[in-house]
Structure formats: structure tokens, C-alpha cells
Amino acid sequence: KIDEVVFLDKKGKVKKTLPGTFYDVKTLTERLIKSSADNKYIAVVDNKSKKNTDEMLYKTGWAYDLKSNIAIYNDDGEILLKKDGLSCSDVLLSLDGQRFLCFEGNPDTGVDGTIVTETIDPCKMASVSVYTIKSELLYKKISGDVANICGFDSPKFSPSGNWIVE
């Protein structure tokens, strides 16, 4: 849990403060805060979920519709990117801050009511997308059943940021 993010000027004075992480069960909202390995870039992810109707659940397989609003800051507190409308249960930053990974995990059919039909397989519902800091989609992969492993678990950037590792 991160209480707040504080950006300091060169003299150590507070320039900007952002509220920290939270999860609100009543409103189905949460804030995630992620940083690059060197803490030079910060991603603030505001997630809002809403329960899908039975019809949408049947059409999509998802019990909840997740919308993510992402802001990426440099270590001076300047916003480098605002990207709204993604669906990211987790976000990771490359070390150079020039790419971010949006991960939407597999649904948990025992918890969230996700259904399985002839066309909907929870093992094939996770996705990994990589975007540039300019909001361009570089890569997207939907999970599949590989070697009897259901979907993706926790993808990460390689240390160089050029590869996605699982």
C-alpha cells in the first residue's frame, strides 16, 4: 500500500502530491501505483468496475466491465501520458519509461460469476498489451491454453524492457 506519491524539487521541497492506493468495495473503484525499477517514472491507474448484465455476461464471459484510466509521470511530476478506457488489472512500466504493459488477468470463475460457454473459455480471456508513451499499441496477445497452463499469470518486462516474460 502506498499512502501518497510526493514529487520533490531539487531543493527537497514538495512540488506535487498524488493520493495513494486504495480499493473501495462499495463503488468498485481502486487506484494502483506502479513505478519503473529506478523510480524515475510513475504510473497511476484508476480502475472502475461495474457489474455486467446477464446478457453481457453471456456475450463476453466477463462478470464485470473494468475501465482503466492511466497517467504516467516522470520524476519531476510532469504528466507524460494520459490513456483512458483500457482494461488493466495490472500495469507495468519499462525501465526507460517509454513503454507500459497493460495486463488483464484471467477471470476467476469461482468468484466473479464468469460463465463458460461453447465460445467462451476463461483460459483464453487474459490479455497483455504494450503501448508506447505516445499511446501507440505495439503488441497485444490474448492468452491461450499452452502446455496445459490456463492463460497468463503475471507477465513482466525483461530488465532491458524489450521482452515480456511470464
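Student: What should I look at first to understand the state of the cysteines in this one?
Tutor: Two cysteines, two sulfur atoms, one covalent bond between them: this is a disulfide. Tallied over the full model, the rule gives one disulfide. A disulfide bridge connects Cys88 with Cys102, and the sulfur atoms are separated by 2.0 Å. Between Cys88 and Cys102, the S-S dihedral sits near -105°, and the bridge is therefore left-handed. Here the residue Cys88 occupies a position in the loop between strand E7 (79–86) and strand E8 (90–93), and Cys102 occupies one in strand E9 (residues 99–104), the gap between them amounting to 14 residues. Assessed through its relative accessible area of 0%, Cys88 is described here as buried. Among the residues examined, Cys102 registers a relative accessible area of 4% and is labelled buried.

Student: Just checking my understanding: could you explain the nonpolar core for this structure?
Tutor: Here is a general trend for soluble globular proteins: nonpolar side chains tend to be buried in one another's company. The biggest cluster of nonpolar side chains holds 15 residues, and the ones touching the most others in it are Ile70, Ile72, Leu86, Cys88, Val91, Leu93 and Phe100. Counting residues per element, the ones that place at least two in this core are strand E5 (41–51), strand E6 (64–74), E7, E8 and E9. Sorting elements by how many residues they give to this core places E5 first, with three residues. Every residue in contact with Leu86, bar those within four places of it in the chain, is listed here: Leu66, Lys67, Ser68, Ile70, Phe100, Cys102 and Tyr131. In terms of nonpolar packing, the next biggest core, distinct from the first, is built from eight residues, Phe7, Leu18, Ile33 and Tyr73 among them.

Student: Can you help me understand the packing of aromatic side chains in this one?
Tutor: Aromatic ring pairs are described here by two measures, namely the spacing of the ring centres and the angle between the planes. Inspection of every chain in the model, using the stated rule, returns two aromatic pairs. Ring geometry for Phe7 versus Tyr73: centroids 5.8 Å apart, planes at 35°, classification tilted. Within this pair, whereas Phe7 is found in strand E1 (residues 4–8), its partner Tyr73 is found in strand E6, the two being separated by 66 residues in sequence. No difference in accessibility class separates Phe7 from Tyr73, as the two residues are buried. A ring pair is formed by Phe100 and Tyr131, whose centres lie 5.2 Å apart and whose planes are at 15°; its orientation type is stacked. Taken together, the positions of Phe100 in strand E9 and Tyr131 in strand E10 (residues 127–132) put the pair 31 residues apart, joining distant regions of the chain. Look at Phe100 and you get buried, because its relative accessible area is 0%. The ring of Tyr64 has Lys51 sitting right over it, with the charged end atom 5.1 Å from the ring centre.

Quick notes on the rules
Residues numbered from 1 in each chain as written. Predicted model: local features only at pLDDT ≥ 70, side-chain atom pairs only at ≥ 80, totals over all residues. Heavy atoms only, no water. Disulfide = S-S within 2.5 Å. Helix = DSSP H or I, 4+ residues; strand = E, 2+ residues; numbered from the N terminus. Buried < 20%, exposed > 50% of the residue type's maximum accessible area, 1.4 Å probe, protein only. Core = buried A, V, L, I, M, F, W, Y, C linked by side-chain atoms within 4.5 Å. Contact = heavy atoms within 4.5 Å. Phe/Tyr/Trp six-rings, centres within 6.5 Å; stacked < 30°, edge-to-face > 60°. Lys NZ or Arg CZ within 6 Å of the ring centre and 35° of its normal.

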